[in-house]
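# Observations on the model geometry
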Amino acid sequence: DVKVTQSSRYLVKRTGEKVFLECVQDMDHENMFWYRQDPGLGLRLIYFSYDVKMKEKGDIPEGYSVSREKKERFSLILESASTNQTSMYLCASSPLPVGGEYFGPGTRLTVT
Amino acid sequence: AQTVTQSQPEMSVQEAETVTLSCTYDTSESDYYLFWYKQPPSRQMILVIRQEAYKQQNATENRFSVNFQKAAKSFSLKISDSQLGDAAMYFCAYRSALRANSKLTFGKGITLSVRP
């Protein structure tokens, strides 16, 4: 079974802190994704990566950056956390040719 | 740009009954994939079923089946013999098949409750 793991299930940070969310997949998938999920808004894509060191902006990249130094790991970085970044963050991976995504358990981030 | 619309925010079904969740999408592309994902409360999102647009036959996975109407751009999910474990949020999603690294576009989801 494909396994996508995220470093934390729950995280509480203060405004202005730098926040790292880590995601690891164990199936050698080329594509990796970061989404945020908010009630009434569904899932919105923040960034995705289709290869090591490659990244593309999604629909809502502002305030976020990403890093993919190894194929299995995709990090989401909040350079200076703000309260409007309080959300559920979901990481996903998928193989090529693209099919459906495999999701991690999510990180519920609260910024106070 | 593609859009996915799930117009019903909530639905309820009696255990053992059948329920249909609606989804419509808008695209100018001819080749694409459609998906239904399930997200149980506080649990991981999982892929329920996938449909390839060039296939006319509706996809089926055990108690889950789709009604894919390409001309109408409609993609509904039918759950037969509903079980308590089917209670979850369900998301419809679209992906282009024309680009190798296309992204998923999700609808806003529908919350399904199952009455015992």
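Look a little higher up for the structure.
Residues numbered from 1 in each chain as written. Chains lettered and ligands numbered in written order. Predicted model: local features only at pLDDT ≥ 70, side-chain atom pairs only at ≥ 80, totals over all residues. Heavy atoms only, no water.

### Here's the deal with the pairing of strand S4 (residues 31-38) of chain A
Residues and elements named next belong to chain A. Where burial is concerned, most of S4 is hidden: eight out of the eight residues are buried. On S4, burial covers both faces: Asn31, Phe33, Tyr35 and Gln37 on one face and Met32, Trp34, Arg36 and Asp38 on the other are all buried. As paired strands, S4 and strand S9 (residues 87-94) are joined by seven bridges and run antiparallel to one another. Its bridge partner being in S9, tryptophan 34 is matched across the sheet by cysteine 91. (Buried < 20%, exposed > 50% of the residue type's maximum accessible area, 1.4 Å probe, protein only. Helix = DSSP H or I, 4+ residues; strand = E, 2+ residues; numbered from the N terminus. Pairing = 2+ DSSP bridges.)

### Quick notes on the state of the cysteines
Under the criterion given, the structure shown has two disulfides over all chains. Covalently, A:Cys23 is tied to A:Cys91 through a disulfide, its sulfur atoms 1.8 Å apart. An S-S torsion of about -75° defines the bridge between A:Cys23 and A:Cys91 as left-handed. In this pair, A:Cys23 sits in strand S3 (residues 19-25) while A:Cys91 sits in strand S9, placing the two residues 68 residues apart along the sequence. As far as burial versus exposure is concerned, A:Cys23 and A:Cys91 are alike and both buried. B:Cys23 shares a disulfide with B:Cys92; S-S distance 2.0 Å. Negative torsions about the S-S bond denote left-handed disulfides, and the value of about -70° found for B:Cys23 with B:Cys92 makes this one left-handed. (Disulfide = S-S within 2.5 Å.)

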